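What follows is the residue order along each chain.
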Amino acid sequence: MRIELQKRGNTSVLFSVLSPLLALALTLIAGAIMFGLLGKSPLNSLYIYFVEPLLDVWSLHELAIKAAPLILIAVGLSVCFRSNNWNIGAEGQFTIGAITGSILPVLNPEWHSPLILPLMLIMGMIGGALYAGIPALLKTRFNTNEILTSLMLVYIAQLFLDWLVRGPWRDPQGYNFPQTKSFQPEAVLPEILDSGRAHLGIVFALIAALALWFMMRFMLKGFQVSVLGQSERAGRFAGFSARKMVWFSMLLSGALAGLAGISEVSGSIGHVQPVISPGYGFTAIIVAFLGRLNPLGIIASGFVLALTYLGGEAAQLSLGISDKVSRVFQGLILFFVLSCDTLIHYRIRLILNPSAAQEGKS
Amino acid sequence: MTFEGVEASPLLSVRGLTKLFGSFAACDTIDLDIGHGEIHALLGENGAGKSTLVKMLFGVLQPSSGTVSLEGKPVVIPSPGEARRLGIGMVFQHFSLFEALTVAENIALSLDPRTPLAKIAEETASVSRAYGLPLDPSAHVADLSVGERQRIEIVRALLQNPKLIILDEPTSVLTPQEAERLFETLMRLKAEGRSVLYISHRLEEVQRICDRATVLRHGKVTGACDPRQETPASLARMMVGTEVAEVKRDSANALGDVLLQVNKVSVASRTPFAVALKDISLKVRAGEVLAIAGIAGNGQSELFDAISGEYPISDNDGIVLRGKPVGRLRINGRRLLGAGFVPEERHGHAAVSALSLSDNLLLARSRSDKKAFLAGGPLAIVKRDAILSAARRICSMMDVRKSGDDPTAGSLSGGNLQKFIVGRELDRQPSVLVVNQPTWGVDAGAASRIRQALVDLAKAGSAVIVISQDLDEIFEIAATIAVISDGRLSEPYPAGELTLEQIGLLMGGIHDSHSGEKSSGEDRAGMEAAHAH
């Protein structure tokens, strides 16, 4: 017996639209089962996990704080993925962006100028872009697989950050904690409203999403992205360069991840420490796919995934279960999104011992 | 059909064998008989259905209908293992050997796993001695030549004591000396009463060693003969088809200036499966249709890539377009000079299946029609409406049948999509149009529409190059014909002076001067692979 995936003749438009919602519903069902197995009341747990965080103003601010890097990174990745370049290393680009963006406040803590913040943001973007340029260079030069190289660079970036904050960048007055001095006020990304902590990061995210939506929808550049992503050969026929597209998409997504990194450090944390991300760079991959690689869809899915982080914290406090549960939910969502998409395009067929069936015929 | 000299019960008898891929019949009601102790040739062009037929005989594919009988008994061959058990062995064109293992280990892989390796080595040695196939069982495959590797495959087949051995293009990878050795082995097998099904499109060797031949064309048997009674020319005719349309020679167009010229262009192959172009020269004038004939995979795509500028060549003067050297210019630069291009593969090269027709229009013309299709300067904003109306114009001009206003390219039939792709270029009124396989896999109505459009374009004063495998088409539209074989282009001949036989021979790489000699074919393996690719 074997299982085959058979391509469907025509794919249902209705289900293509419903697929992300279906995936969310299935995630909730699987989550309820999981809570049940953990001995908690499924409905109450889901309420605490997914609804309660939406009821307080302060936690809505937290939601925006967590959604900002997810959306920023994911819209960049969506351009990458659409052009068939698989940048899996946004987490590393996020980290390097945070580091290069923090050079000014860490090394010049006494520089009080309004220039410092824009410079930090630009340096963060440049750092992230350059770091994403490494897999781009390797891919265009040596035809290496960018999935592997970008992923491996994540660990290098994280260990480099760890070394920095334990070594050269450690705050001498910090009681030996592995972290830098707190940034001067001019180097901190301002909050948008008085009611909570949400900072300009979410604004950057929304602007980036709208800009890339415009590019993909109306500009020749967006057309090049989708042509080269679907067929490099057709792109060559059109006179579009696949090599330039590798650079464009990697540098773009790297810059946005870098911007997310410095925004997070400057806006939410206020200094550099060994761990600055709960895996935003990887979760953004889920955000990108849940949003159908469409920048507007990504805004919505970014908030959904941000909720899984908040819910994880809430579950830890109110239910007393590990915050690893948020990772489980993220995994479930990705799993169901991908399987719903697969089943829209393919049907499953069981083939029971083909040779026996044929011998029976003769 | 019946044959002289076949015993009452042939070893293998195939009746009405059909293999459908969707609605396409790769093999269409094939009848075939192979007698005991016979070397039977299976002839045909690429895509004629030879490989599909033998894959069914070896159990790799299952027929859609029809019967196979072995020694009078109907059999079903569900798998290669069963084929071996029934006494059918096969030597594939592309070997399936592990380079890191020794000869004996490779052979052991296909045998009963309980047989000890020492015994296999011993048998290998004795079989290889008996059939004149010298092999060292302990040698590593990586160290062996192609001919030696083929011997492993043959010995592997022989160890199972088969009644029928199928050889798929066996000499395509061999040097002439190795081929000689192979022929001796085949004669020995024949003397033992074993039968051989020998697939080839090299006519002299078929004439030399085969007792009978079955010729396939477009999935059908078009001839069964004794190759020794035939000439290479008559075999070639059976392979490429006899029904050639009346050559329609409308009042010859007045020829103008040379619009496109290729000067002694050589291009090394980009991939192991590509064909290298060797010293190609051609000229096409305003008002002329030049056809380039040839069997698939002889360098047509590579020539198209070089002329279109998808892969620019290093010699800038190698290609001259309307008086300007353009060898190093890319495709859009050449389009701006007035050239248009239609590649062979519709899906994924000429068009992106998942994109709409209007998007696919933009695909080919984003640069050449920048003014009409793009706005906003550096922002390069796509003007949807302008493109949509241009796409509608093309569809009505070429009579493209479609559902909806702007459907995806993938939803159109091959013929309608091809009409759109050709129309997309004609709409620009290019002064030079290069088309690769304009009507490949296209229904007859669309094909004649496209051919008419090409003829009309030339009449209007453009230069047209048509690269085609379809000789009927070539005779219908071309004023001048050149033949490409193994990356070399023949002299151009006026269409009226060339016979089908001559083209067939040129296509097989046999030139008038030495038709009796062995054709050069070292690159055949590459060419087959390029075709499959």
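Residues numbered from 1 in each chain as written. Chains lettered and ligands numbered in written order. Predicted model: local features only at pLDDT ≥ 70, side-chain atom pairs only at ≥ 80, totals over all residues. Heavy atoms only, no water.

(A) Looking closely at the overall build of chain A. Regarding its fold elements, chain A presents 14 helices and two strands. At 23 Å, chain A has a C-alpha radius of gyration in line with the 21 Å of a compact globule built from 362 residues. Across its three principal directions, the C-alpha atoms of chain A cover 90 × 60 × 35 Å. A total of 362 residues make up chain A; the buried ones form 51% of that total. Restricting the contact set of chain A to residue pairs at least 6 apart, pairs at least 24 apart contribute 77%. Here chain A displays about 16,800 Å² of accessible surface, and carbon together with sulfur accounts for 67% of that area. Measuring between centres, the 24 positive side-chain charges of chain A sit 16 Å from its 18 negative side-chain charges. (Helix = DSSP H or I, 4+ residues; strand = E, 2+ residues; numbered from the N terminus. Rg over C-alpha atoms; globule rule 2.2 N^0.38 Å. Buried < 20%, exposed > 50% of the residue type's maximum accessible area, 1.4 Å probe, protein only. Contact = heavy atoms within 4.5 Å. Areas by Shrake-Rupley, 256 points an atom, 1.4 Å probe, with all protein chains shown as cover. Lys, Arg positive; Asp, Glu negative; His and termini not counted. Charge placed at Lys NZ, Arg CZ, Asp CG, Glu CD.)

(B) Quick peek at the packing of aromatic side chains. Per the counting criterion, the structure on display carries 17 aromatic pairs over all chains. Here A:Phe223 and A:Phe240 contribute two aromatic rings whose centre-to-centre distance is 6.2 Å and whose plane-to-plane angle is 85 degrees, an arrangement assigned as edge-to-face. In this pair, A:Phe223 sits in helix 8 (residues 220-230) while A:Phe240 sits in the loop between helix 9 (232-238) and helix 10 (242-269), placing the two residues 17 residues apart along the sequence. On the basis of relative accessibility, which here comes to 5%, the residue A:Phe223 falls in the buried class. With relative accessibility at 6%, the residue A:Phe240 sits in the buried group. Relative to B:Phe341, the ring of B:Phe304 lies with its centre 6.3 Å away and its plane at 90 degrees, an arrangement referred to as edge-to-face. Taken together, the residues span a long stretch of sequence, with B:Phe304 in helix 9 (residues 300-308) and B:Phe341 in strand 16 (residues 339-342) at a distance of 37 residues. Across the pair, exposure class does not vary: B:Phe304 and B:Phe341 are buried alike. (Phe/Tyr/Trp six-rings, centres within 6.5 Å; stacked < 30°, edge-to-face > 60°.)

(C) Summary view of the interface of chain B and chain A. Taken together, the 31 residues of chain B in the interface contact 19 residues of chain A. The junction of chain B with chain A conceals about 2,200 Å² of combined surface from both sides, 63% of it contributed by carbon and sulfur atoms. Connecting chain B to chain A are two salt bridges. The set of elements that each furnish at least two residues to the side of chain B that touches chain A consists of helix 10 (331-336), helix 11 (357-365), strand 18 (381-382) and helix 14 (414-426) of chain B. It is helix 11 of chain B that contributes the most residues to the side of chain B that touches chain A, four residues altogether. Of the residues belonging to the side of chain B that touches chain A, the class tally is 19 nonpolar, five polar and seven charged. (Buried area = accessible area lost by both parts, 1.4 Å probe. Salt bridge = Lys/Arg side-chain N within 4 Å of Asp/Glu carboxyl O. Nonpolar A, V, L, I, M, F, W, Y, C, P; charged D, E, K, R; others polar.)

(D) Here's a closer look at the sheet that holds strand 15 (residues 324-325) of chain B. All names here are of chain B. Read across the sheet, four strands follow the order 12-11-14-15 without closing on themselves; strand pairing throughout is antiparallel. Looking at which strands have only one partner, the edges of the open sheet turn out to be strand 12 (277-285) and strand 15. Here strand 11 (residues 258-267) runs beside strand 14 (residues 319-321); their pairing, made up of three bridges, is antiparallel. Note that in strand 14 the partner of Gln 261 across the bridge is Val 320. Sitting on the sheet, helix 9 is in contact with strand 11, strand 12 and strand 14, with an inclination near 60 degrees to strand 12. (Pairing = 2+ DSSP bridges. Axes fitted to C-alpha atoms, helices over the stretch in contact; angles between N-to-C directions.)

(E) Looking closely at a nonpolar patch on the surface. Residues and elements named next belong to chain A. The grouping of Leu 14, Phe 15, Leu 18, Leu 21, Leu 22, Leu 26, Ile 29, Ile 33 and Leu 37 at the surface amounts to a nonpolar patch, some 870 Å² of accessible area in total. Note that Leu 21 resides in helix 1 (residues 13-37). Among the residues examined, Leu 21 registers a relative accessible area of 53% and is labelled exposed. (Patch = residues over 30% accessible without salt bridge, like charges linked within 9 Å, V, L, I, M, F, W, Y side chains within 5 Å.)

None of this, on its own, says anything about what the molecule does.
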